[in-house]
Amino acid sequence: MTQANTPAHVPHASATSTGAGTFQSRLAIGGREGQDDILADEPVALGGLGTGPTPYDLLCAALATCTTMTLRFYAGRKGWDIGAVHTVVTHARVAGQTPPDQFSRAITLDPSLEPAVRDELLGIANRCPVHKTLTQGATVATVLAA
């Protein structure tokens, strides 16, 4: 887990339309253009080519990986051997709910961990930076680049 906005890493990503289909974009994540590029798209049923994760898939992935990293980091600082952590995040828009976007997160921990440790880790999950961003809100400044 990287500390937010440290001089060593400023989180960023770029997306460039590929010209294939309406939605397909090539993503360069973390300043490693060409190394970790992935395609993002929409499903065929929504007019895309279905060639990659959707923007909401990527947002779910950010929350899932941040949660997993946060729990491993916390356990390491406590000296706990917690084994593998598996986090699944889903997204849905719920009509009539404010806000309408709902993220559901399921965390799988080693079942042999003591209940007190499992409960503490469950609480720590809410302290992951992406969770905080989603629940506390953020600002987005947009400019037209040259």
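Conventions and cut-offs
Residues numbered from 1 in each chain as written. Predicted model: local features only at pLDDT ≥ 70, side-chain atom pairs only at ≥ 80, totals over all residues. Heavy atoms only, no water. Helix = DSSP H or I, 4+ residues; strand = E, 2+ residues; numbered from the N terminus. Contact = heavy atoms within 4.5 Å. Areas by Shrake-Rupley, 256 points an atom, 1.4 Å probe, with all protein chains shown as cover. Lys, Arg positive; Asp, Glu negative; His and termini not counted. Charge placed at Lys NZ, Arg CZ, Asp CG, Glu CD. Pairing = 2+ DSSP bridges. Axes fitted to C-alpha atoms, helices over the stretch in contact; angles between N-to-C directions. Core = buried A, V, L, I, M, F, W, Y, C linked by side-chain atoms within 4.5 Å. Buried < 20%, exposed > 50% of the residue type's maximum accessible area, 1.4 Å probe, protein only.

Here we come to the overall build of the chain. Counting its regular elements, the chain contains 3 helices and 5 strands. Expressed as lengths along the three principal axes of its C-alpha atoms, the size of the chain is roughly 50 × 40 × 30 Å. Of the contacts formed within the chain by residues at least 6 apart in sequence, a portion of 34% connects residues at least 24 apart. Of the accessible surface of the chain, which amounts to about 9900 Å², a share of 57% is contributed by carbon and sulfur atoms. The averaged location of the 12 negative side-chain charges in the chain is 7 Å from the averaged location of its 10 positive side-chain charges.

To continue, consider the sheet that holds strand S3 (residues 38–40). Backbone hydrogen bonds are what pair the strands of a sheet, in a parallel or an antiparallel way. Strand order across the open sheet formed by 3 strands is S1-S2-S3, with antiparallel pairing between neighbours. With partners counted over all chains shown, the strands left at the sheet margins are strand S1 (13–17) and S3, one partner each. For this sheet, the mean inter-axis angle between neighbouring strands, taken without regard to orientation, is 35 degrees. Relative to S3, strand S2 (residues 25–29) runs antiparallel, the two being bridged by 3 bridges.

Grouped together as the largest cluster of nonpolar side chains are 11 residues: Leu71, Tyr74, Ala75, Ile82, Val85, Leu109, Leu113, Val117, Leu121, Ile124 and Ala125. Broken down by element, the residue count for this core peaks at 4 residues, all from helix H2 (residues 115–125). Core analysis: the second largest hydrophobic core is formed by 6 residues, Cys60, Leu63, Ala64 and Cys128 among them.

Before going further, it helps to examine unusual backbone geometry. Residue Pro99 is reached from Thr98 by a cis peptide bond, and omega for that bond is -10 degrees. Residue placement: Pro99 occurs in the loop between strand S4 (86–93) and strand S5 (101–108).

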